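# Structural description and commentary
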Amino acid sequence: MKGTIKTLILFSLISLFKTNLLAQTTLSTTITINQNWVNTNSGPWTISGSNITVTFGENLTISNLLQNFIILGSNVTINGANKIITIDGLTNFSGLIDASNTNASSAEIKNIGVETVNSSSTGGNSGYISKASNKATISNCYATGLIRNYNSGGITGDYNSGLIRNCYTTGDLSDYTGGIVGPYNSGIVTNCYTTGFIHGSTAGGIAGHNSSGIIRNCYTTGRIGAGSGEAGIVFNTINNGIIDRCLSTGVTWTGNEVGISRSPSTNSIGLGTGAPWN
C-alpha cells in the first residue's frame, strides 16, 4: 500500500512538472501585448525567434514571478512605448526581462517604466527592467521600487558589456546593490541618475561594483550612509574601470561612506562628502 501511494505521488509530481513546462509561452513573431495577453498567457514568456519586436500596447500589472520575458533569439527589441509596468506584491521580483543569454547581446530594451505597489522589491542578482544583461542596450527606462538583496540594481542586476543610457531610479538601496546596475563588467553607463537613499554595505548610487567599465555623465542626489561603506556613484572600481564627469550631491554621514567612489575618478565631484545629516 505504501509503495502504491509513493508511486501515485511520484506520478503526480512528474505530471505537475510537465504541465509547468508546457505552460510556458514561446514568442516567435512580432507582437503587441496588453493586460489580457499577460493574464491569459502563462509565463515565463520566451522569445525564441530572431528580429522580433515586442511592444507594450498599454500599462501592465505584473503579480506573478513567472510573468517575465526570456530573450533567446537575436536582434530582439522590447519596446515599452513609454507605458508603465506595475509590480504588485512581489518582494523578490527577478526582473521583467532576462537578457543574459549569449544571443541577447544584440537585444534592445527601451522606453519602459516600472513602478511598485504592496511592498514589492528586487530579488537577488536582479533588477526591475532586466534580471541580467549580456551586451544588450537598455535605454530610456526607469524604476521606482526598493532595491534590495545581493547584487541587485535598480535597472539591471548582473551586467556584462553593452550600453545603459538615459535611465533613472528613485528607490532606496540596501547592502550590495547599485542604483542603476549591481555588479558591472565592462560596457558603458551614461546619462543616468538616482535619487534613492544609499544605505548599506558596498552600495553605490549608480553601481555596486565596476570592473573595467565606464560610468560617465551620471549623478546621484540621495543621502549616503550610515552603514559599513557606501559611495555616491560606485562603491568599488577595478581593472581600469573609469568614472568620468559624475556628480554626487547627497549629504554623507561621518563614517565609512564617500561622495564618489573608493577608487579614482576623473572630473567628478562629491559635494556632500563629510556633511552630517539627521
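Figured I'd write up the structure that's included with this text. (Residues numbered from 1 in each chain as written. Predicted model: local features only at pLDDT ≥ 70, side-chain atom pairs only at ≥ 80, totals over all residues. Heavy atoms only, no water.)

On to the pairing of strand 22 (residues 207-211). Along strand 22, four of the five residues are buried, which leaves the element largely enclosed by surrounding structure. The pairing of strand 18 (residues 181-185) with strand 22 spans four bridges and is parallel. Residue pairing for strand 22: Pro 183 is matched across the bridge by His 209. Sheet topology note: the strand 22/strand 26 (residues 234-238) ladder contains four bridges and is parallel. Its bridge partner lying in strand 26, Asn 210 is registered against Thr 237. (Buried < 20%, exposed > 50% of the residue type's maximum accessible area, 1.4 Å probe, protein only. Helix = DSSP H or I, 4+ residues; strand = E, 2+ residues; numbered from the N terminus. Pairing = 2+ DSSP bridges.)

Further remarks concern the packing of aromatic side chains. Given two aromatic rings, one states the distance between the centres and the angle between the planes to describe the pair. Tallied over the full model, the rule gives ten aromatic pairs. Their ring planes at 55° and their centres at 4.9 Å tell us that Trp 45 and Phe 69 sit as a pair that is tilted. Note that Trp 45 is positioned in strand 3 (residues 45-47) and Phe 69 in strand 6 (residues 69-71), a separation of 24 residues in sequence. For the pair Trp 45 and Phe 69, a shared accessibility class is recorded, and that class is buried. Ring geometry for Tyr 159 and Tyr 184: centres 6.1 Å apart, planes at 35°, overall tilted. Separated by 25 residues along the polypeptide, Tyr 159 in strand 14 (residues 156-160) and Tyr 184 in strand 18 bring together distant segments of the chain. One exposure class covers both Tyr 159 and Tyr 184, and it is buried. By way of ring pairs, the aromatic residues Trp 37, Trp 45, Phe 56 and Phe 69 are connected into one cluster. (Phe/Tyr/Trp six-rings, centres within 6.5 Å; stacked < 30°, edge-to-face > 60°.)

Looking now at the environment of Ser 174. Looking at the element boundaries, Ser 174 is found in the loop between strand 16 (168-169) and strand 17 (177-178). The contact partners of Ser 174, leaving out residues within four places of it in the chain, are Ile 147, Arg 148, Asn 149, His 199, Gly 200 and Ala 203. (Contact = heavy atoms within 4.5 Å.)

Before going further, it helps to examine the state of the cysteines. As enumerated under the stated definition, the model contains zero disulfides in all. Summary of cysteine pairing: Cys 167 is not part of a disulfide, and the nearest cysteine sulfur, belonging to Cys 141, is at 4.8 Å. (Disulfide = S-S within 2.5 Å.)

Let's shift gears to the side chain of Asn 151. Summarising the element assignment, Asn 151 is placed in the loop between strand 12 (142-143) and strand 13 (152-153). Residue Asn 151 is classed as buried on the basis of its relative accessible area, which comes to 18%. With residues near it in sequence (within four places) discarded, Asn 151 still touches Asn 125, Ser 126, Gly 157, Asp 158, Tyr 176, Gly 182 and Pro 183.

Here we come to the pairing of strand 7 (residues 77-88). Bridging between strand 4 (residues 53-56) and strand 7 involves three bridges; their strand directions are parallel. Within strand 7, the residue paired with Val 54 across the bridge is Ile 78. Both strand 5 (residues 60-62) and strand 7 contribute to a ladder of three bridges, which runs parallel. When the sheet's bridge partners are listed, Ile 62 is paired in strand 7 with Ile 87. Examined bridge by bridge, strand 7 and strand 9 (residues 108-117) share nine bridges and lie parallel to one another. Residue pairing in the sheet places Asp 88 in a bridge with Val 117 of strand 9.

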